[in-house]
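# Understanding the architecture of this molecule
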Amino acid sequence: MTHTLHNFPARLHPVALALAGLLLSGTTWAATFVVTDAGDAPDVVPGDGLCAHSGAACSLRAAIQEANTLGGAHTIHFAIATGGPGVAALIAPTTPLPAVRTPITIDGYTQPGSSANTAAVGNNAVINVRIDGKNIGVSASGLVFYPGSSNSALRGVAITGFNTHGVFLLGDTGPVGSSTNGVTIAGNFIGTDGSGAGDDTNGLLANGMSGIRIANYAHENIVGGATSADRNLIITSSSGAGISIDGVYNTQIRNNYIGTDRSGSSRRNTLVGVDIAGPYTIISNNVVGALGTGISIHGGGVGLVMQGNLIGVGTTGTSIADAASSHGIYIRSIDTTPLRNNHIGGTNTGEGNTIANWGGNGVHIERSSTTAAQPRYQSILGNSIHSNGGLGIELIDTATGQGTQPGDAAPPTVNGGLRYPVITGVTSNAAGTLVSYGYSGAFNARYRIEVFSNAACDPSSYGEGQTFLGSADIMTGGVMYTGDVLLPAVPAGSHLTMTATRDFNDADGSLETSEFSRCFEVPAGPGDGGPGNGGAVTPVPTLGHWGLVLLSALLGAMGLRARRHSR
């Protein structure tokens, strides 16, 4: 049996507690503590069922102390008097707040005048409770969730100005018995007050290291959620990560704006959007901007799924990646920790990501040490990858120097050295576009060939893949595979590219994708007045499928291709 215990007047609480002891012995109290004071005074008697400091009011510190001491699941609401309607209550502790050690729902939307986001695009949330770390002189995080806090929730709060993490979820020291699981962080402003004015514009409200950090076997937690009301707005410093995950699994990062303003169309601080060193994380339907890297994946990145995200592209199509930035998605093997079976995009509607405007490569997969694990089974399917300073997809082994030039054979240590297809000809008219290609793959293996169009070819002559057009599923034999993909009519002047993705058809769903192929321009046919008016058959080059493939390989070996624009 569960009962609700609200804040009692000081003169009544001894009687209430006596009655509780007599009548409700053995029951679980589910207290709702209402924070009425923006001050920082501690609770007078933690565990007495009353949130009250020496002034008889309830502070956030006192509420957390009382809930922790009572144990069980509790709720914290807010009713802090402010200077008037629309004026946020500022809670500025002078020492770190106590960590949450029992299930607590902290709901800032209960503060008068607050409301959750209702906008499908953008964020119109009104958050009137802000917790700021400017008065804490030591290293501190804003709200910390420790073992015991499983199934807690944080909503409707702005957390700013802490010199480590805005929100920190920390599990046990081992994988067994962890109890910081199932925590939901949704509908908050982290590192911003949402105003877009004053200190919010110059980064002074950002938290120093991470907006949200989840570490040390804190599993199955959710940042954001399925609805607009769940959307977090997360900004961190120019040296920090919006979300940092280390040594945890089954985290969900859904529907957040990371490194942007509340409209999702303008970049704000944030060195790395999402940094992951752990397995089985789902990153979906987020808008990610950054000064450095959009999504960084390293030690322990296994079974990650990235789908439906805008990475470097704002909600209005503007660039939210810095011109001097690194890569959109950076998968880097630096040690012996496995790095495999990660999926960027997918084959179903809405699963593709848009990855654009980065100073480096759109997707960069690298082994950087001869002793590092081979990054294998990284799939890149159905995405829009364009307008990046480097290549659309880069597979490289910097330890051995393999794959360093556009068009080079991919290193065998990265996605198994998978080769890209070669487009050998295009037949295009108003009725449709037929793309002919050749592919040299493994014997008796399954591949998905994807075709993309681009307004312009990458300066390297390889890629990118701006618009996904269609695909073909093939099974290779013992010789060069040649085939055709029939597409809806593609305008003359478009530049086509392809990728190949091998399907290993195993229990792990292992897939791995090549770099983009060399571009092939769709020419205008006789009497064609311009793009989109159809065209005649484009002859297959006289070298034929085999000849063009061999010539491509020969040119790569001779090192005649242009060097990359960015690393």
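The written sequence of each chain sets the order in which its residues are numbered from 1. Restriction of local features to residues with pLDDT of at least 70 applies here, the model being predicted, together with a cutoff of 80 or more for giving and counting side-chain atom pairs; totals for whole chains, interfaces and linings are based on all residues. The side-chain values count all of the structure's non-hydrogen atoms but skip hydrogen atoms and water molecules.

### Some words on the environment of Thr315
Only DSSP runs of H or I covering at least 4 residues are called helices, and only runs of E covering at least 2 are called strands; the numbering of each starts at the N terminus. Along the chain, Thr315 turns up in the loop between strand E24 (310–311) and strand E25 (329–333). Owing to a relative accessible area of 25%, Thr315 belongs among the partly exposed residues under this scheme. Thr315 sits 50 residues away from Ser265 along the chain, and the two C-alpha atoms are 5.2 Å apart. Excluding residues that lie within four positions of it along the chain, Thr315 makes contacts with Val121, Tyr257, Ser263, Gly264, Ser265, Val287 and Leu310. Throughout this description, a polar contact denotes any pair of N or O atoms lying within 3.5 Å of each other; where both atoms belong to protein, one of them has to be capable of donating a hydrogen while the other can accept it, and for residues adjacent in sequence the pair is counted only when both atoms sit in side chains. From its side chain, Thr315 meets the backbone oxygen of Ser263 in a polar contact 2.8 Å long. Think of it in three bands: with a 1.4 Å probe and only protein chains considered, a residue is buried below 20% of the maximum accessible area for its type, exposed above 50%, and partly exposed in between. The contact definition used throughout considers only heavy atoms, calling two residues in contact when any of these lie within 4.5 Å.

### Considerations on the state of the cysteines
Cysteine sulfur atoms that pair up within 2.5 Å are treated as a disulfide. Inspection of the entire model under this criterion finds 2 disulfides. Across the disulfide from Cys51 sits Cys58; the S-S distance is 1.9 Å. Measuring the twist about the S-S bond at about 85°, one finds the Cys51-Cys58 disulfide to be right-handed. In this structure Cys51 comes out as buried when scored by relative accessible area, which is 2%. If you count the bonded cysteines of the protein from the N-terminus, they pair up as 1-2, 3-4.

### A word on the environment of Asn117
Locating Asn117 in the fold gives a position in the loop between strand E5 (104–107) and strand E6 (129–132). Judged by its relative accessible area of 3%, Asn117 falls in the buried class. Along the sequence, Asn117 and Asp230 sit 113 residues apart, while their C-alpha atoms lie 7.7 Å from each other. Leave out the neighbours within four places in its chain, and Asn117 touches Tyr109, Gly122, Asn123, Asn124, Ala125, Ser228, Ala229 and Arg231.

Limitation: the analysis is restricted to geometry and does not speak to function.
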